[in-house]
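For reference, the chains in residue letters:
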Amino acid sequence: RKSSVMQLAEMLASGRSDVPSFKVMDVLARARELEQQGRRILHLEVGQPQSGAPQAAIKAVNSVLGSESLGYTAAAGEQPLRSAIVAMYKNTYGVEV
């Protein structure tokens, strides 16, 4: 008779293949394949930034934090972003949203 730990381990192991991979892992795997074929790949798909935020962004955030009240955006989202999303779906997928 198997221990409950072994039963749990087998159940978890057998279910792992049913979970779809995270997209970036597919990109990373393909990049590695291309590298093995001798292609030069610039890896921008994963990792942590090695530098701080751009000074212009820091300055903009600091000016807003010091002078304006903060709050949430509208529940339906900002109109320019909503319009851009509608255009992207129409251009990419040919659908109206």
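So, here is what we can say about the structure in this document. (Residues numbered from 1 in each chain as written. Predicted model: local features only at pLDDT ≥ 70, side-chain atom pairs only at ≥ 80, totals over all residues. Heavy atoms only, no water.)

Looking now at a nonpolar patch on the surface. On the surface, a nonpolar cluster with roughly 710 Å² of combined accessible area is contributed by Leu 81, Ile 85, Val 86, Met 88, Tyr 89, Tyr 93, Val 95 and Val 97. On the secondary structure map, Val 97 appears in the segment after α4 (79-93). (Patch = residues over 30% accessible without salt bridge, like charges linked within 9 Å, V, L, I, M, F, W, Y side chains within 5 Å. Areas by Shrake-Rupley, 256 points an atom, 1.4 Å probe, with all protein chains shown as cover. Salt bridge = Lys/Arg side-chain N within 4 Å of Asp/Glu carboxyl O. Helix = DSSP H or I, 4+ residues; strand = E, 2+ residues; numbered from the N terminus.)

Within this structure, the stated rule accounts for 1 aromatic pair. When the centroid spacing of 5.3 Å and the interplanar angle of 40° are considered together, the rings of Tyr 89 and Tyr 93 count as tilted. Of this pair, Tyr 89 and Tyr 93 are both found in helix α4, 4 residues apart, which corresponds to roughly one turn of the helix. The class for Tyr 93 is exposed, based on a relative accessible area of 55%. (Phe/Tyr/Trp six-rings, centres within 6.5 Å; stacked < 30°, edge-to-face > 60°. Buried < 20%, exposed > 50% of the residue type's maximum accessible area, 1.4 Å probe, protein only.)

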